[in-house]
Amino acid sequence: MPIESILKQRYSARAFLNKPVPQETLKHIFETAQLSPSNCNVQPWQTCVVSGKTKDKLQHQFVELLMSGAIPNPDFNWKAQYSGIHRERQFGSANALYTELGIAREDKQARQMAMLRNWQFFDAPHAVFFTMDKYLDIMGAVDLGIYAQTLSLILAEHGISNCMQGALGQFPDPVRDVLNLPEERGILFGMSFGYADETAAANNTRTSRESIDNAVAFFD
């Protein structure tokens, strides 16, 4: 499928079938993703794919942590607060999802439970954590973003849906503990993936894109 078609059809899936991706397919996809470009070819990504019992253990620890009232302690700077048009787009995205789920704006408990689904991986059979050495800072983050987009496109080419999740970088301690990662490795963000449940209301959510008149400037 052409990349243009993939981009036009892709959406952030938030409900998945209980159908794991075959291991040989996973290996092929992640081998192909290694072709992703990076600054000076440093290839800073250290990719952690979790499935089965490991994913279930992480999910349990995440939910337990959030239910305890823990506050996020990300390895990297997630302090930026959206404002202006960026805030409007953030609200628009949330409103699109909650409208499909039938959750009213004033129903804070239902919204919190919907948010909790991030750390339950939306019941996806697989999740991936994008990690890198902390000292790499912004340059490493740029490369990880490029890599994650490359991976997303390859997954889509194989009929596999995904949802990029900044939320999976907000509580790094369970990830570091379960996956036995060294302290110098930071968890930037994650992605849940698998075969989408096309009957789920959450997967009807669609968001708009800004016109290139406002997003792109051409200079001759």
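Structural data are supplied above this passage.
Residues numbered from 1 in each chain as written. Predicted model: local features only at pLDDT ≥ 70, side-chain atom pairs only at ≥ 80, totals over all residues. Heavy atoms only, no water.

1. Describing the nonpolar core
Stage number 1. Core analysis: the largest hydrophobic core is formed by 22 residues, its most contacted members being Phe30, Phe130, Leu151 and Phe193.
Stage number 2. Elements supplying a minimum of two residues to this core: helix H2 (23-33), strand S2 (126-133), helix H6 (137-157) and strand S4 (185-194).
Stage number 3. Sorting elements by how many residues they give to this core places H6 first, with six residues.
Stage number 4. Leu168, Phe171, Val175 and Val178 belong to the second largest nonpolar core, which has 15 residues in total. (Core = buried A, V, L, I, M, F, W, Y, C linked by side-chain atoms within 4.5 Å. Buried < 20%, exposed > 50% of the residue type's maximum accessible area, 1.4 Å probe, protein only. Helix = DSSP H or I, 4+ residues; strand = E, 2+ residues; numbered from the N terminus.)

2. Describing the pattern of salt bridges
Stage number 1. By the definition in use, this model includes nine salt bridges.
Stage number 2. The residue Glu4 makes a salt bridge to Lys8 at a minimum N-O spacing of 3.0 Å. Of this pair, Glu4 and Lys8 both sit in helix H1 (residues 3-9), four residues apart, which is roughly one turn of the helix. For the pair Glu4 and Lys8, a shared accessibility class is recorded, and that class is exposed.
Stage number 3. Through salt bridges with shared partners, one network takes in Asp75, Lys134, Asp173, Arg176 and Glu183. (Salt bridge = Lys/Arg side-chain N within 4 Å of Asp/Glu carboxyl O.)

3. Some points on unusual backbone geometry
Stage number 1. Non-glycine residue Cys40 carries a positive phi angle of around 55°.
Stage number 2. For Cys40, the location among the structural elements is in the loop between H2 and strand S1 (46-51).
Stage number 3. Accessibility expressed as a relative area gives 70% for Cys40, which makes it exposed.
Stage number 4. One non-glycine residue, Asp137, adopts positive backbone phi at about 50°.
Stage number 5. Positionally, Asp137 belongs in helix H6.
Stage number 6. Its relative accessible area of 49% is what places Asp137 among the partly exposed residues.

4. Here we look at H6
Because an α-helix completes one turn every 3.6 residues, residues spaced three or four positions apart along the sequence face the same direction.
Stage number 1. Over its 21 residues, H6 runs 31 Å from end to end, which matches the ideal 30 Å to within 8%, given 1.5 Å per residue.
Stage number 2. Within H6, the full set of buried residues consists of Gly140, Asp143, Leu144, Tyr147, Ala148, Leu151, Ser152, Leu153, Ile154 and Leu155.
Stage number 3. Residues of H6 that are buried make contact with H1, H2, S1, S2, strand S3 (161-165) and S4.
Stage number 4. Once H6 ends, the next one or two residues include Gly159, with phi positive near 75°. (Expected span 1.5 Å × (residues − 1). Contact = heavy atoms within 4.5 Å.)

5. Points about the environment of Ile6
Stage number 1. Along the chain, Ile6 falls in helix H1.
Stage number 2. Given a relative accessible area of 4%, Ile6 falls into the buried group.
Stage number 3. Separated by 191 residues in the primary sequence, Ile6 and Asp197 have C-alpha atoms spaced 18 Å apart.
Stage number 4. With residues near it in sequence (within four places) discarded, Ile6 still touches Met1, Leu153, Ala156 and Glu157.

6. With respect to H2
Stage number 1. When we look at burial in H2, the residues that qualify are Thr25, Leu26, Ile29, Phe30 and Ala33. The buried residues of H2 all sit within an arc of 125° when viewed along its axis, so they share a single face. Pointing more than 90 degrees away from the buried face of H2 are the exposed residues Gln23, Glu24 and Lys27.
Stage number 2. Considering only its buried residues, H2 is in contact with S1, S2, H6 and S4. (Arc of directions from axis to C-beta.)

7. Focus: the packing of H2 against H6
Stage number 1. Between H2 and H6, the least distance of the axes is 9 Å, while the angle of their chain directions is 140°. Classed by the angle they form, the pair H2 and H6 counts as oblique. Like other packed secondary-structure pairs, H2 and H6 cross with a definite hand, here right-handed. Residue-level contacts link Ile29, Phe30, Thr32 and Ala33 of H2 to Tyr147, Thr150, Leu151, Ile154 and Leu155 of H6.
Stage number 2. Taken together, the residues that form the contact of H2 with H6 break down as seven nonpolar, two polar and no charged. (Axes fitted to C-alpha atoms, helices over the stretch in contact; angles between N-to-C directions. Parallel < 35°, antiparallel > 145°, perpendicular 65-115°, else oblique. Left-handed = near helix turned anticlockwise from the far one by under 90°. Nonpolar A, V, L, I, M, F, W, Y, C, P; charged D, E, K, R; others polar.)

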